[in-house]
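Each chain is listed here by its residues.
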Amino acid sequence: MSKPTDLQHDLERSLPAIASISTSFSQSQGFSPYCYFSPEKRKAISDVRRTFCLFVTFDLLFISLLWIIELNTKDGIQKNLENEIIKYNFKTSFFDIFVLAFFRFFVLLLAYAIVKLRHWWVIAVTTLVSSAFLIVKVILSELLTKGAFGYLLPIVSFVIAWLETWFLDFKVLTQEAEEERWYLAAQAAASRGPLLYPRALSEGQFYSPPESFAGSDNESDEEGAGRKALTAQEKEYVRQGKDAMEVVDQILAQEENWKFEKNNDFGDVVYTFEIPFHGKTFILKAFLQCSAETVYQEVILQPEKMILWNRTVAACQILQRVEDNTIISYDVAAGAAGGVVSPRDFVNVRRIERRRDRYISSGMSTTHSLKPPLSKYVRGENGPGGFIVLKCPSNPRVCTFIWILNTDLKGRLPRYLIHQSLAATMFEFAFHLRQRVSELSGKP
């Protein structure tokens, strides 16, 4: 069995992860004890597994009902029971179809409700046995001469057996595996200290970059006292971060040219904007009832902690802190479009700036020796984008949150499906962020 750290690195979920912008976070702040229990300990049986067990029970009851209706014909139930059970004949009796339903009921509930197996092999056996038996019975029996029930019982039994297989494989096991991966990622994020930092941070403190001013480029170029000299590769990372920041500033300056796409009941709006050489960019704008500093801490300074409250993000790992304003991160994002959009991973360079009226985290895709492309993932590519938190000069208790997203998911996905998924994911992110802010505001 894989170790939790291996599982966390192998997370497979989907849509672009843009939220990897910071250093470590304090293990003592903001964690719900509920997140520290594994899915098995939180509930004796998951909701989706319980629904599957109810469906298996429905299978037995429905087949039983149809069989009883078939028995209650002109000769009466008692005589028909005697003919079908005591004088059983493979070619004319429906009793074996009822026994087959009871076989599925007993084996599946034993395996998935009592033993709580998390593998598909048991239902594969029951479905194989059911399918083979029903096909042979239809070919060799004389049931089709008995009217409607001669057709109905075998067809219903066959269809329900396959529906049970589909439900377990595509719903139960998939959702429980997703919850397990989320739990392991949360545990890893909660227990892990700073990753690959050149120097340690004091316990309980968040790294916060120095305040920056628009147009100032000398904060990283000049090597002050105590700063190590940057390598050529690190200087390239710094340049990429500045390039992304420049594009983000240009997008923000052209808000009147943003094209409206969608909005929701919370007042969140998704716009699009065409960037030369990068193509269509999605922009989420949301008004939040909290201070800008709260969003800055939760979204920009604590990306590893974000997986605890935001299921659109599956994992985040800080690969390297290049200098005060620049980091390299590895991101895995959560699934979308009902699993149609498969998992993507991203390696991003991020530049963080604190300004008088806003906080900005800009970034774009890059490469890093610690995270080469893996065969199990489709490596996505992010164009210039990031998070912006605008302060409200008249009310410090509210702010405006903007997410600029330019991504290429690669793979063979229809463009319209990608665009629908991106807008939906942005709205979902805003929903989770509001929930998180509400939880924090409710704390004593």
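Rules and cut-offs
- Residues numbered from 1 in each chain as written.
- Predicted model: local features only at pLDDT ≥ 70, side-chain atom pairs only at ≥ 80, totals over all residues.
- Heavy atoms only, no water.
- Axes fitted to C-alpha atoms, helices over the stretch in contact; angles between N-to-C directions.
- Helix = DSSP H or I, 4+ residues; strand = E, 2+ residues; numbered from the N terminus.
- Parallel < 35°, antiparallel > 145°, perpendicular 65-115°, else oblique.
- Contact = heavy atoms within 4.5 Å.
- Nonpolar A, V, L, I, M, F, W, Y, C, P; charged D, E, K, R; others polar.
- Core = buried A, V, L, I, M, F, W, Y, C linked by side-chain atoms within 4.5 Å.
- Buried < 20%, exposed > 50% of the residue type's maximum accessible area, 1.4 Å probe, protein only.
- Pairing = 2+ DSSP bridges.
- Left-handed = near helix turned anticlockwise from the far one by under 90°.
- Phe/Tyr/Trp six-rings, centres within 6.5 Å; stacked < 30°, edge-to-face > 60°.

Trainee: Quick one: what's the story with the packing of helix α3 (residues 47-71) against helix α4 (residues 77-86), residue by residue and with numbers?
Mentor: Relative to each other, α3 and α4 sit at 110°, their axes nearing to 9 Å. By the criterion of interaxial angle, the relationship of α3 to α4 is roughly perpendicular. Here Trp-67, Glu-70 and Leu-71 of α3 come into contact with α4, specifically with Ile-77, Asn-80, Leu-81, Glu-84 and Ile-85. Grouping the amino acids of the contact of α3 with α4 by side-chain chemistry returns five nonpolar, one polar and two charged.

Trainee: Please set out the nonpolar core residue by residue, giving values where relevant.
Mentor: Counting 34 residues, the largest nonpolar core has Val-295, Val-299, Ile-300, Phe-401 and Leu-433 as the members making the most contacts within it. At the level of elements, β3 (279-288), α10 (292-300), β6 (344-354), β10 (385-391), β11 (399-405) and α12 (415-441) are the ones that each hand at least two residues to this core. Ignoring any residue separated from it by four or fewer positions in sequence, one finds Phe-401 in contact with Leu-284, Lys-285, Ala-286, Leu-288, Val-295, Val-299, Phe-387, Ile-388, Val-389, Phe-429 and Leu-433.

Trainee: Help me get a handle on the pairing of β11, residues and values and all.
Mentor: Across the seven residues of β11, seven count as buried, placing the element largely inside the fold. Side chains of β11 alternate between two faces, with Cys-399, Phe-401, Trp-403 and Leu-405 and Thr-400, Ile-402 and Ile-404 buried alike. Note: β3 against β11, seven bridges, orientation antiparallel. Of the residues in β11, the one forming a bridge with Phe-282 is Leu-405. In this structure, β10 lies alongside β11, joined through six bridges in antiparallel fashion. Counterpart to Val-389 in the pairing with β11 is Phe-401.

Trainee: Could you give an account of unusual backbone geometry, naming the residues involved and the relevant values?
Mentor: For Lys-116, which is not glycine, the phi torsion reads 60° and is therefore positive. Locating Lys-116 in the fold gives a position in the loop between α5 (95-114) and α6 (121-140).

Trainee: I'd like a description of the packing of α3 against α5, backed by residues and values.
Mentor: Direction vectors running N to C along α3 and α5 enclose 165°, while the axes themselves pass 9 Å from each other. With respect to each other, α3 and α5 are oriented roughly antiparallel. The two elements α3 and α5 meet at a crossing, and its hand is left-handed. In this structure, α3 uses Arg-49, Phe-52, Cys-53, Val-56, Thr-57, Asp-59, Leu-60, Ile-63, Ser-64 and Trp-67 to contact α5, whose residues at the interface are Phe-95, Ile-97, Phe-98, Ala-101, Phe-102, Arg-104, Phe-105, Leu-108, Leu-109, Tyr-112 and Ala-113. When the residues that make up the contact of α3 with α5 are grouped by side-chain class, the tally is 16 nonpolar, two polar and three charged.

Trainee: Mind laying out the packing of aromatic side chains, listing which residues take part and the relevant values?
Mentor: Centre distance and the angle of the planes are the two values used to describe a pair of aromatic rings. Summed over all chains, the structure comprises 23 aromatic pairs. Between Phe-102 and Phe-105, the ring centres sit 6.2 Å apart and the planes meet at 40°, which makes this aromatic pair tilted. Of this pair, Phe-102 and Phe-105 both sit in helix α5, three residues apart, which is roughly one turn of the helix. The class for Phe-102 is partly exposed, based on a relative accessible area of 42%. Ring centres 6.5 Å apart and planes at 50° place the aromatic pair Phe-158 and Trp-162 in the tilted group. Pair noted here: Phe-158 and Trp-162 are both in helix α7 (residues 148-191), with a separation of four residues, about one helical turn.

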